[in-house]
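Understanding the architecture of this molecule
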Amino acid sequence: MAKVKARYVCQACGSVSHRWQGQCADCAEWNTLVQEAAEVTSIFAAKHNLQGGGRVVQLIGLNTPAALPERLPSGIPEFDRAIGGGIVPGSAMLVGGDPGIGKSTLLLQVAARLAQAGHQIVYVSGEESAEQVRLRAVRLGLGGAPVRLAAATSVRDILTTVGDDAPAMLVIDSIQTMHSDLIEGAPGTVSQVRASAQELVRFAKERGTAVVLVGHVTKDGTIAGPRVLEHMVDTVLSFEGERSHQYRILRAMKNRFGGTDEIGVFAMETEGLTEVPNPSALFLTHRGEPVSGTSVFPAIEGSRPVLGEIQALTVREARCGLSFATAEVYLNVAGGYRLSDPAADLAVAAALVSAMSERPVPSEAVVLGEIALSGEIRPVAHAGLRLKESAKLGFETAWLPKGVKGGEGLRLAKFANLRELVDQILGR
Ligand code: TYD
Ligand code: MG
């Protein structure tokens with residue numbers, strides 16, 4: 001009898017190796033290999049041949065007109081904005097985020113709105129009892145919404161339950177609690193998560209149900225274990241924020257049906273998540289007296305400008321001009337907002353220089369510009385939109401690169417290089 005080879009599956013990336021090793025050879029994560037039972041050989045793994053036996057599939061040309069899928073607006077515009085304009089029937093979506101960030105709350109609210117609009121919605125919780133979910137809905141004032149709830153963890157049971165009458169949307173909270181009896185292994189292992197998701201995604205495609213999978217995220221920010229899941233679904237959303245702050249941001253990391261640059265902004269209140277259509281006001285701390293070490297940066301999120309505040313703190317052993325070499329430097333964006341826009345360079349520099357020199361940036365100023373390695377300050381994209389929003393919110397001054405157009409209604413100070421910015425802050 002052939003010896004069955006041991007099988008170790010990386011819980012981060014899903015790659016398989018036949019001996020245990022401390023580090024995954026594929027994704028380089030440490031201590032992620034776990035021995036799992038062999039997967040049931042599927043027909044797909046069998047040798048293919050050209051002898052026929054399959055069905056002939058229809059081939060179409062690229063220019064064949066295809067109707068765009070009709071989207072279901074959730075009735076929560078900030079949610080629809082993040083996913084590209086509404087839920088696409090038959091699509092599979094993964095909503096990732098830290099435990100306790102508000103994924104269940106968000107999806108319960110979305111489910112309730114859709115149900116209230118007359119769509120058939122099923123919400124399956126593998127983490128809480130149906131009664132717990134119901135009580136939360138009542139607390140959120142959504143007790144009257146005709147969402148159908150169940151507590152279940154068996155994918156077979158779930159698909160049997162909804163199979164005869166496929167709902168418009170099926171929420172699975174969370175995918176880590178599900179198990180498929182097609183393979184062995186405990187729920188939460190990468191093989192189980194993948195097999196369960198595979199079955200659910202297939203159901204979505206075959207029956208036109210939008211399937212939403214909730215996924216917990218690990219400390220390093222990847223969707224726990226199943227990075228493999230990200231490839232299987234059409235849309236990956238990340239629900240972010242800091243538990244100590246009220247604000248939550250819904251961000252598309254991948255979207256086969258839309259862009260990934262729009263964000264949805266929410267605030268966690270006692271009555272659930274409320275929408276924040278004008279996030280700028282939210283990320284700015286109270287701006288009165290100028291404080292050294294802060295600057296305001298007008299960011300762009302998709303089509304929308306969002307103003308954020310950069311905060312810098314430097315701790316020095318001795319005052320020594322502007323050398324950061326002996327300083328401990330802390331940098332933060334207020335309100336749990338996360339920035340990756342290179343146009344924030346100048347605002348970061350301004351906050352740092354201000355913290356170091358203890359001379360404030362004027363509180364009525366916004367700062368934008370990209371800094372080249374040479375210290376030259378470069379123009380940024382969407383400057384007009386950023387400046388317009390700044391003026392609308394009552395800012396009076398903009399510090400920006402030379403050569404930028406726009407900024408009506410603002411006093412403009414233009415800088416060619418970092419030296420000029422430092423001179424401005426130091427009043428030289
Ligand atoms: P939850 O949706 O259960 O998070 P997740 O599903 O991502 O784990 O939300 C958990 C937190 O949200 C919980 O700590 C309490 C808070 N919360 C509110 O502040 N207000 C509310 O109305 C609700 C339902 C939850
Ligand atoms: Mg939850």
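Please read all numbers here as calculations on a predicted model, not as lab measurements.

A word on the overall build of the protein. For the protein, the count of helices and strands is 10 helices and 20 strands. Looking at the protein residue by residue over its 428 residues, the buried ones come to 49%. When contacts within the protein are restricted to residue pairs at least 6 apart in sequence, long-range pairs at least 24 apart make up 61% of them. Counting every atom, the protein has about 21500 Å² of accessible surface; 54% of that belongs to carbon and sulfur.

The subject of this paragraph is the pattern of salt bridges. Counting across every chain of the model gives 18 salt bridges. In this structure, Asp234 and Lys205 form a salt bridge, with 2.6 Å as the shortest nitrogen-oxygen distance. Taken together, the positions of Asp234 in the loop between α6 (227–232) and β9 (235–240) and Lys205 in helix α5 (residues 190–207) put the pair 29 residues apart, joining distant regions of the chain. Under the relative-accessibility criterion, Asp234 is labelled buried at 3%. For Lys205, a relative accessible area of 45% gives the class partly exposed. Residue Lys392 is joined to Glu389 by a salt bridge in which the shortest nitrogen-to-oxygen separation is 3.4 Å.

This part covers the site of ligand 1. The environment of ligand 1 is formed by 15 residues, the closest being Gly100, Lys103, Ser104, Thr105 and Glu269. Contacts to ligand 1 include Gly102, whose backbone N or O atom sits 3.0 Å from an oxygen atom. Only α2 (103–116) and β11 (263–269) provide two or more residues apiece to the shell around ligand 1. When residues in the shell around ligand 1 are grouped by element, the largest group, three residues, is from α2.

Here we take up empty space enclosed by the protein. Inspection of the entire model under this criterion finds one cavity of 30 Å³ or more. Lining the largest cavity, in full, are Arg71, Ile83, Gly86, Ile87, Val88, Ser91, Ala92, Met93, Thr235, Asn255 and Phe257. Grouping the amino acids of the lining of the largest cavity by side-chain chemistry returns six nonpolar, four polar and one charged.

Before going further, it helps to spend a moment on helix α3 (residues 130–139). An α-helical segment advances 3.6 residues per turn. Residues three or four places apart therefore align on the same side. Considered for burial, the residues of α3 that qualify are Val133, Arg136 and Ala137. Seen end-on, α3 carries its buried residues on one side only, within an arc spanning 100°. In the core, the buried residues of α3 are packed alongside α2, β5 (121–125) and β6 (148–151). Phi turns positive, to about 75°, at Gly141, one or two residues after α3.

The next subject is the pairing of β5. Within β5, five of the five residues are buried, which leaves it mostly tucked inside the rest of the structure. Pairing of β5 with strand β7 (residues 169–173), which is carried by five bridges, proceeds in the parallel orientation. Bridging from a neighbouring strand, Ile121 pairs with Met169 of β7. As defined by bridge partners, β5 adjoins β6 across four bridges and the pair is classed as parallel. If you follow Ser125 over to β6, its bridge partner there is Ala151. With respect to chirality, the unit in which β5 leads through α3 into the neighbouring parallel β6 is right-handed.

Predicted confidence across the protein gives a mean pLDDT of 87, with 90% of residues reaching 70 or more. Counted against residues more than four places away or in other chains, residues 41–46, with its pLDDT under 50, gives zero contacts.

Right, let's talk about the packing of aromatic side chains for a bit. Aromatic ring pairs are defined here through the distance separating the ring centres and the angle between the ring planes. In total, this model carries two aromatic pairs according to the counting rule given. Geometrically, the ring pair formed by Phe239 and Phe266 is edge-to-face, given 6.1 Å between the ring centres and 75° between the ring planes. Here the residue Phe239 occupies a position in strand β9, and Phe266 occupies one in strand β11, the gap between them amounting to 27 residues. Like Phe239, the residue Phe266 is buried in the burial classification. Plain terms: the ring middles of Trp399 and Phe415 are 5.7 Å apart, the flat faces sit at 80° to each other, and that makes the pair edge-to-face. With a gap of 16 residues between them, Trp399 in strand β19 (residues 397–401) and Phe415 in strand β20 (residues 411–415) connect regions that are remote in the sequence.

Basis of the calculations
Residues numbered from 1 in each chain as written. Chains lettered and ligands numbered in written order. Predicted model: local features only at pLDDT ≥ 70, side-chain atom pairs only at ≥ 80, totals over all residues. Heavy atoms only, no water. Helix = DSSP H or I, 4+ residues; strand = E, 2+ residues; numbered from the N terminus. Buried < 20%, exposed > 50% of the residue type's maximum accessible area, 1.4 Å probe, protein only. Contact = heavy atoms within 4.5 Å. Areas by Shrake-Rupley, 256 points an atom, 1.4 Å probe, with all protein chains shown as cover. Salt bridge = Lys/Arg side-chain N within 4 Å of Asp/Glu carboxyl O. Near = heavy atom within 4 Å. Polar contact = N/O pair within 3.5 Å; in protein donor to acceptor, adjacent residues only side chain to side chain. 1 Å grid on protein atoms, 1.4 Å probe; cavity = no way out; pocket = protein on both sides within 12 Å on 5 of 7 lines; lining within 4 Å. Points joined across faces, edges and corners; volume = space filled by probe spheres on them. Nonpolar A, V, L, I, M, F, W, Y, C, P; charged D, E, K, R; others polar. Arc of directions from axis to C-beta. Pairing = 2+ DSSP bridges. Right-handed = clockwise from strand over helix to strand, strands pointing away. pLDDT = per-residue confidence, 0-100. Phe/Tyr/Trp six-rings, centres within 6.5 Å; stacked < 30°, edge-to-face > 60°.

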